[in-house]
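Chain by chain, the residues run as shown.
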Amino acid sequence: MREQFGIIGLGACGSNIANLFEAKNYTTVYVNTSKEDLDAIKGVHKVHISGAEGAAKDRKRVLQLATETFPDIIAKIESIIPQKYILVLFSSSGGTGSGLSTPILRYLSQTGKVCIPVMILPDEKVESAKACENAYNACAELMSIQGLGATFLLDNSNGDKFAINQKFVNDFDSFINLKNSSVYGNIDIAERKQILTCPGATVIGRLSKSKSTASDIMHNLHNGIYAKIESKIAYYLAISTSNKSLDISSLSKEFVGVYDVFSGVSEATTIAIVSGLQWPMKRIEKFKNKFEETVQNINNTIIHQPPTIQPLQSLSFSREEFKPTTTVNPRDILLGLLNN
Ligand SMILES: Nc1nc2c(ncn2[C@@H]2O[C@H](COP(=O)(O)OP(=O)(O)OP(=O)(O)O)[C@@H](O)[C@H]2O)c(=O)[nH]1
Ligand SMILES: [Mg+2]
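First, a word on scope: everything that follows refers to the structure included in this document. What you see is a predicted model, and the numbers here were worked out from it, not measured in a lab.

Now for the site of ligand 1. As a matter of local geometry, ligand 1 sits amid 25 residues, with G11, C13, G94, G95 and G97 nearest to it. Put simply, the parts of the chain that give the shell around ligand 1 at least two residues each are α1 (11-22), α5 (96-110) and α7 (161-176). Element by element, the count of residues in the shell around ligand 1 is highest for α1, at 4 residues.

Have a look at this one:
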């Protein structure tokens, strides 16, 4: 099934993770403002935003840099990635990936692609106020995009960032390439696609055969590489397990509003996935708090005039009906964001 998924890595972080997918033979494209970062990646398809030397964590600057060439960037991406299912990988807290993610996701979703955003959240305890401001704004924009598929929020506060990259790629790859042709039941390709088409936050857990009780699985889902699950509301639950005696209904009762449950029997490991989860708003608010505390400190302590910093807007999330269309102008999307 891997040939049905295309990979777009935006900025340094997105490209690092995308490169792990390319190593597993996924069709992959890297987009960056920084030529040095692109040169550091051993990948086949690279798109440099012409004239740019990086974006220095400035989300707006990346839109300005790409204003003229955005239709060409889109055309290049479309020529490399014909797939309907597209993972878009980026860090929320830098400039390039964070800034470019919104117009690219908007454009691709509007043209009927199933975009699966994989956004990396910063550890606010060690990252700057600027990084947190970017992360908050990237979350706000992501939540406003209609027609997105399942969203993976990888949280760098959960450990080593390169270990997080590798675990995500291994777990996602194992899920979409599940080998589960068992007479006891399977999660087929259509079901896997359905789960990944559901908007909202999504988490994957993977466990060994000896650790696959219901409580092991719940513990794994709650303590993985993702932003912590904050609400029990979920839409789909899928479990492919090597533990034939597992009571799936007891797991589904751990969530509220589960619309459908898919289960299958696998050989070696257990894979559980929950999609359609609520956004982790408490986690996202932490970025706003760090930003506002720092701005207050700046205002209280600095005697020269600091640059004007805009306050952050409050977030809201709605699930409106979404209908893709084929007549979308990429430049209009980018200019709409710039003039906002
Ligand atoms: N998980 C993970 N996080 C990363 C990785 N590389 C960078 N980060 C995090 O991503 C953030 C920085 O984002 P980058 O991707 O470097 O930024 P960029 O998109 O290239 O944007 P600019 O360099 O500002 O133009 C920081 O919070 C880093 O800790 C990575 O490979 N994995
Ligand atoms: Mg960079």
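Looking now at α5. Taking 1.5 Å of rise per residue, the 15 residues of α5 would be expected to cover 21 Å, and the 21 Å separating its terminal C-alpha atoms lies within 8% of that figure. Of all bends in α5, the biggest is about 30 degrees, found at T102, and the proline P103 comes one to four residues later. For α5, a buried count of 15 out of 15 residues is recorded, marking the element as mostly surrounded by other parts of the structure. Immediately beyond the C-terminal end of α5, within one or two residues, lies G112, with a positive phi of roughly 90 degrees.

Adjacent strands of a sheet form backbone hydrogen bonds with each other and so pair up, either parallel or antiparallel. The strand order across the open sheet formed by 10 strands is β3-β2-β1-β4-β5-β6-β7-β10-β8-β9, and the pairing between neighbours is mixed. Every other strand in the sheet has two partners, leaving β3 (45-48) and β9 (260-265) as the edge strands with one partner each. Taken over all neighbouring pairs, the strand axes of this sheet differ in orientation by 20 degrees on average, direction set aside. As paired strands, strand β5 (residues 114-121) and strand β6 (residues 150-155) are joined by 4 bridges and run parallel to one another. Looking at β6, one finds that V118 is bridged to F152. Along the sheet, α5 contacts β1 (5-10), β2 (27-32), β4 (85-91) and β5; its crossing angle with β4, the most-contacted strand, is approximately 160 degrees. The sheet strands contacting helix α8 (residues 189-197) are β4, β5, β6, β8 (236-241), β9 and β10 (270-277), and the helix crosses β8 at an angle near 140 degrees.

Counting buried residues along β4, 6 of its 7 residues qualify, which places the element largely inside the surrounding structure. Taken together, the 5 bridges between β1 and β4 define a ladder with parallel strand orientation. Paired with G6 across the strands is I86, a residue of β4. Where β4 and β5 come together, 7 bridges link them in parallel fashion. Residue pairing across strands places L87 opposite I116, the latter belonging to β5.

Cut-offs used in this document
- Residues numbered from 1 in each chain as written.
- Chains lettered and ligands numbered in written order.
- Predicted model: local features only at pLDDT ≥ 70, side-chain atom pairs only at ≥ 80, totals over all residues.
- Near = placed C-beta within 6 Å.
- Helix = DSSP H or I, 4+ residues; strand = E, 2+ residues; numbered from the N terminus.
- Expected span 1.5 Å × (residues − 1).
- Bend = angle between axes of the 7 residues up to and from the residue.
- Buried ≥ 20, exposed ≤ 12 C-beta atoms within 10 Å, placed from the backbone.
- Pairing = 2+ DSSP bridges.
- Axes fitted to C-alpha atoms, helices over the stretch in contact; angles between N-to-C directions.
- Contact = placed C-beta atoms within 7 Å.

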